[in-house]
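Letter by letter, the chains look like this.
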Amino acid sequence: METLLGIKGPDFVMLAADTTHARSIIVMKEDENKIHKVSDNLIISTTGESGDTEQFTEFISKNIALYKMRNGYDLSPRAAAHFTRKNLAEYLRSRTPYQVFMFVAGYDPADGPELAFIDYLANAKSVNYAGHGYGAIFASSIYDRYWHPNITQEEAYDVFKKCIVEIQKRLVVNLKNFNVAVVDKDGVRYLEPISAKSLAEYNASA
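Just so we're clear, the structure is a prediction, and the values are computed from it rather than from any experiment.

1. Digging into the sheet that holds strand β12 (residues 187–195)
The strands making up a sheet associate through hydrogen bonds between their backbones, and the pairing can be parallel or antiparallel.
Part 1 of the reasoning: Reading across from one edge, β10-β1-β2-β11-β12 is the order of the five strands in this open sheet, with antiparallel pairing throughout. With one partner strand each, in any of the chains shown, β10 (129–132) and β12 form the two edges of the open sheet. Going from strand to strand, the sheet's axes swing by 15 degrees on average, the running direction of each strand aside.
Part 2 of the reasoning: Examined bridge by bridge, strand β2 (residues 12–18) and strand β11 (residues 177–184) share seven bridges and lie antiparallel to one another. Residue pairing in the sheet places L15 in a bridge with A181 of β11.
Part 3 of the reasoning: Against the sheet, helix α3 (residues 135–146) contacts β1 (4–8) and β10, and its axis sits at roughly 170 degrees relative to β10.
Part 4 of the reasoning: Running at roughly 35 degrees to β12, helix α4 (residues 153–170) makes contact with β1, β2, β11 and β12 of the sheet.

Below is the structure:
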């Protein structure tokens, strides 16, 4: 029921993730951060089984940090996505597979922005926009309508607002709050969260 959203622009990648942590019909907490800063140019957002998401994200983060310590430089976002997919594929073929859906997003001075869609079956694809979870069903047509190759950060943030309005209106599960983060040439920044309260006066048709 949880939702991740991602948009790639010409010089940035922006991610949004709901803050609800639920199991079955029980909401455990509403301040869960699902967007993790891995390095100065890389962020990962994850959803799935709660234990798997925490453990796998930490495993990937620490190994990427170890790579930098050994080699003196960071993995590129594309290389980090391949590393993540490879490990997820190997665990899928073991007795302890991870039930994790994720975005690997980053910015490389040479290659530019990268947004990688990865699911629990270790399928990985570089995309311009995508979503995980039931909320992504409602976001797809909004992405198609408003995304364009030269989209700005302000426009991308507004697209997220439109998506979240639709999710909160139509999805049976109440996802009240979304954290938003962006990565670009200046590094990783967390933006103003998008909540039901902040959208009270928002006109999604504008």
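Alright, that's what it looks like, and here's the rest.
2. Topic: the pairing of strand β8 (residues 112–118)
Part 1 of the reasoning: Counting buried residues in β8 gives six out of seven residues, a clear majority hidden from the surface.
Part 2 of the reasoning: In this structure, strand β7 (residues 100–108) lies alongside β8, joined through seven bridges in antiparallel fashion. In the strand pairing of β8, V104 is matched with A116.
Part 3 of the reasoning: Between β7 and β8, which pair antiparallel in sequence order, lie three residues.
Part 4 of the reasoning: Sheet topology places β8 next to strand β9 (residues 124–126); three bridges connect them, and they run antiparallel. What sits directly across from A116, in β9, is S126.
Part 5 of the reasoning: Linking β8 back to β9 in an antiparallel pair, the connection comprises five residues, with A122 at a positive phi of about 65 degrees.

3. So, the nonpolar core
Part 1 of the reasoning: If you look at the biggest cluster of nonpolar residues, it comprises 25 residues, and the most contacted ones within it are L5, I7, M14, Y143, F160 and I194.
Part 2 of the reasoning: Sorting the residues of this core by element identifies β1, β2, α3, α4 and β11 as the ones contributing at least two each.
Part 3 of the reasoning: Top element by residues in this core is α4. It accounts for seven residues.
Part 4 of the reasoning: Apart from the residues within four sequence positions on either side, Y143 is in contact with L5, G6, I7, Y129, A130, G131, V159, F160 and C163.
Part 5 of the reasoning: Formed by 18 residues, the second largest nonpolar core is a distinct cluster that contains I60, I64, Y98 and V104.

Conventions we followed
- Residues numbered from 1 in each chain as written.
- Predicted model: local features only at pLDDT ≥ 70, side-chain atom pairs only at ≥ 80, totals over all residues.
- Heavy atoms only, no water.
- Pairing = 2+ DSSP bridges.
- Helix = DSSP H or I, 4+ residues; strand = E, 2+ residues; numbered from the N terminus.
- Axes fitted to C-alpha atoms, helices over the stretch in contact; angles between N-to-C directions.
- Contact = heavy atoms within 4.5 Å.
- Buried < 20%, exposed > 50% of the residue type's maximum accessible area, 1.4 Å probe, protein only.
- Core = buried A, V, L, I, M, F, W, Y, C linked by side-chain atoms within 4.5 Å.

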